[in-house]
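Structural characterization, general
Spelled out from the first residue to the last, the chains are:
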Amino acid sequence: MADIESLLKEKRVFKPSPAFARAANWNKKTVSELRRLGDKSPERFWARMAKENVSWFTAPKKTLQWKPPFAKWFVGGKLNVSYNCLDRHLEGENAWRRNKAAIIWEGEPGDTRVLTYGELHREVCRFANVLKDHGVRKGDRVALYMPMIPELAIAVLACTRIGAPHSVVFGGFAAEALRDRINDAGAKLVVTADGGYRKGAPLPLKPAVDQALQGAPGVEKVVVVRRTGGEVTMKADRDVWWHEVMEHASASCPPAKLDAEHPLFILYTSGTTGKPKGILHTTGGYLTHVTTTAKAIFDLKDEDTYWCTADIGWITGHSYVIYGILSNGATSLMYEGTPGHPGPDRWWDIIERWGVTVFYTAPTAIRTFIRQGDEHPKSHDLSSLRLLGTVGEPINPEAWIWYNKVIGGRRCPIVDTWWQTETGGIMITPLPGAVDTKPGSATLPFPGVHADVLDEDGDPVKPPAGGFLVIRKPWPGMLRGIWGDPKRFKEQYWSKYPKTYFAGDGAHRDKQGYFWVMGRVDDVMNISGHRIGTMEVESALVSHSDVAEAAVVGRPDEITGTAVVAFVTPIASVQADGELKGALRSHVARQIGAIARPAEIRFTEALPKTRSGKIMRRLLRDIASGKETAGDTSTLEDYTVLARLRESEEE
Ligand code: PRX
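Given the structure is predicted, the values throughout are model-derived calculations rather than measurements.

Rules used throughout
Residues numbered from 1 in each chain as written. Predicted model: local features only at pLDDT ≥ 70, side-chain atom pairs only at ≥ 80, totals over all residues. Heavy atoms only, no water. Salt bridge = Lys/Arg side-chain N within 4 Å of Asp/Glu carboxyl O. Helix = DSSP H or I, 4+ residues; strand = E, 2+ residues; numbered from the N terminus. Buried < 20%, exposed > 50% of the residue type's maximum accessible area, 1.4 Å probe, protein only. 1 Å grid on protein atoms, 1.4 Å probe; cavity = no way out; pocket = protein on both sides within 12 Å on 5 of 7 lines; lining within 4 Å. Points joined across faces, edges and corners; volume = space filled by probe spheres on them. Nonpolar A, V, L, I, M, F, W, Y, C, P; charged D, E, K, R; others polar. Axes fitted to C-alpha atoms, helices over the stretch in contact; angles between N-to-C directions. Parallel < 35°, antiparallel > 145°, perpendicular 65-115°, else oblique. Contact = heavy atoms within 4.5 Å.

With that out of the way, let us pick up the pattern of salt bridges. Counted according to the given criterion, the structure contains 43 salt bridges. Note that R531 and E422 form a salt bridge whose closest N and O atoms lie 2.9 Å from each other. Here R531 is found in strand 27 (residues 530-533), whereas its partner E422 is found in the loop between strand 20 (414-417) and strand 21 (451-454), with 109 residues between them in sequence. As far as the burial class goes, R531 and E422 line up, both buried.

Applying the stated criterion to the full structure yields 4 cavities of 30 Å³ or more. Counted as a void, the largest cavity has a volume near 40 Å³. What lines the largest cavity is simply V81, C159, T160, G163, A164, P165, L258, H262, P263, L264 and T283. Only helix 7 (150-162) and strand 14 (263-269) provide two or more residues apiece to the lining of the largest cavity. Class assignment of the residues belonging to the lining of the largest cavity gives a composition of 7 nonpolar, 4 polar and no charged.

Glancing now at the packing of helix 14 (residues 363-372) against helix 16 (residues 397-407). Contact geometry of helix 14 with helix 16 gives a least axis separation of 10 Å together with a crossing angle of 75°. For the element pair helix 14 / helix 16, the angle class is roughly perpendicular. Every residue of helix 16 that contacts helix 14 at I366, R367, F369 and I370 is listed here: A399, W402 and Y403. The residue inventory of the contact of helix 14 with helix 16, partitioned by class, reads 6 nonpolar, no polar and 1 charged.

So, about unusual backbone geometry. Of note, the bond from P68 into P69 is cis; its omega dihedral lies within 30 degrees of zero at 0°. Following the sequence through the fold, P69 ends up in the loop between strand 1 (62-67) and strand 2 (70-75). Omega for the peptide link from P463 to P464 comes to 0°, which places this bond in the cis form. At R410, a position not held by glycine, the phi torsion is positive, near 60°. Here R410 lies in the loop between helix 16 and strand 20. With a relative accessible area of 61%, R410 lands in the exposed category. The backbone phi angle of K499 is positive, close to 55°, even though this residue is not glycine. Looking at K499, the relative accessible area reads 58%, which means it is exposed.

Shown next, in the form of structure tokens:
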């Protein structure tokens, strides 16, 4: 609540500079015209965007078929995503882009590689042929478990070329998490690497794949990129080297003509149960959404060097490192490593050396930089920057102002973009040449997006007021389902309010109707802009033989936004000590990945429960954040538990 109050005291307003507004892809006039169209008919708005921004082999016959909660967009249309991201920049009036940089890549050790649109096209065609040679057919799933190297971009685009849905698994996930995702998607082939560079040292990846595949019988082949040169075991008949299979692959591979609703990718994200959800996105609607939003919100021009710091293992990397950026023919910078290597100024050094013009990152990174001191960005010339963006979590006004001043030199608009893995693309956002910004607010819905804030009864709140964030009308980038689980899809997103998408976030609208997204209202934590379900961490903890019961909550953290706090009841015979805490923290990291590792573990003899046996998370949250428990405790089963929990507080 304190955060909400401080946010809502924020009164500063920043207008787009006249110079920026004049040159913007979407100026005030365009935006008000498109808003009118989108308000009146989202279908007509998106149909126009699909026509203007996407190349179709066959034009769609019907814009939307909506049988809530199942949507089909651009029915009858045929297209190919890799064609839109590559081939169309090599043809006709765009043919000059053949030798324009598509991807500027920088490895953590400082090695670089620039792939022009012509080269990227050749590499993608060759890898598409490799996939075919190894038995991958249209509709087969391919899992990618890779560092941030150009081969990852090549591999996803190659999948789209032949219509094989990809499932990218973030390289920070552990073997167990990888195995679950491979099995759930039924992947046939895995692409990986010997390792990647992180914090100045090679970090192996292949051993996790070997371990995962012991329990994943569906995988027939593994393609391994040599990145670090580290030792790997190659399993005969299953594992092949990328460089060997690519050597003789043909650079000609016609793009498959796919239905607009052909599955494009599955991406796993955390929900309120222990099992991650495979969010399904399809071809035509997703591409229309990400291409249109990237062009309008990042104001992409041919001269831009655009850098989004997200890993391709997350939705931001899918939509705004690869698809939305390349489909616009822009230059996308990709960086392999951590921000702090070799020094805290690595990112600013990259911006200066490559002349980055548009920069998109997460509030958690900004907060880390603030703490490290202004001298690091100030030691670099950042004058190439003209537009800044943030994503993944609410940005506190203080961080917004610092970003504006120290990184943007007070000349760059900031686009605070709200969206989700499920929404596919940006939904609530400033348009940098047309919308006044307020620090901490994602401002207004993108044209054609019908977002609203509802109260518990489903009525729109009367601003200024807060409630639950929803989307009332279907949009083209929306998830089409949860892979293999239509029931969960309905329950999770469409059951709170009829025919309305419930995002799981709380939001406030101010007098002007601006949206202030406050964060999750369900049992999902947002750690450094990454989603982790409390249940996921709980199931990892109880899978340890010394644990009888566990409850996990988030507590506010200055840098990461939220930190994981675990309340654990060990089995009677074990010693609840520091050693066990260490063991449990490592256990969680091994089961899920380092991002889920609890910042704090507290041992307790019992957990506070209602009479019906539900863990009282609200109480645990208060205890974890050091607040007194003012809430209603009348349903508590055992009052003494509370007192004991507070005593368990760490030094
Ligand atoms: O809580 C919201 C927060 O991130 C969640 C979505 O997480 P994920 O699917 O991992 O996607 C992150 C990148 C798109 C949302 O439910 N979130 C995302 N962007 C913002 C945000 N919260 C506030 N402001 C934002 N700009």
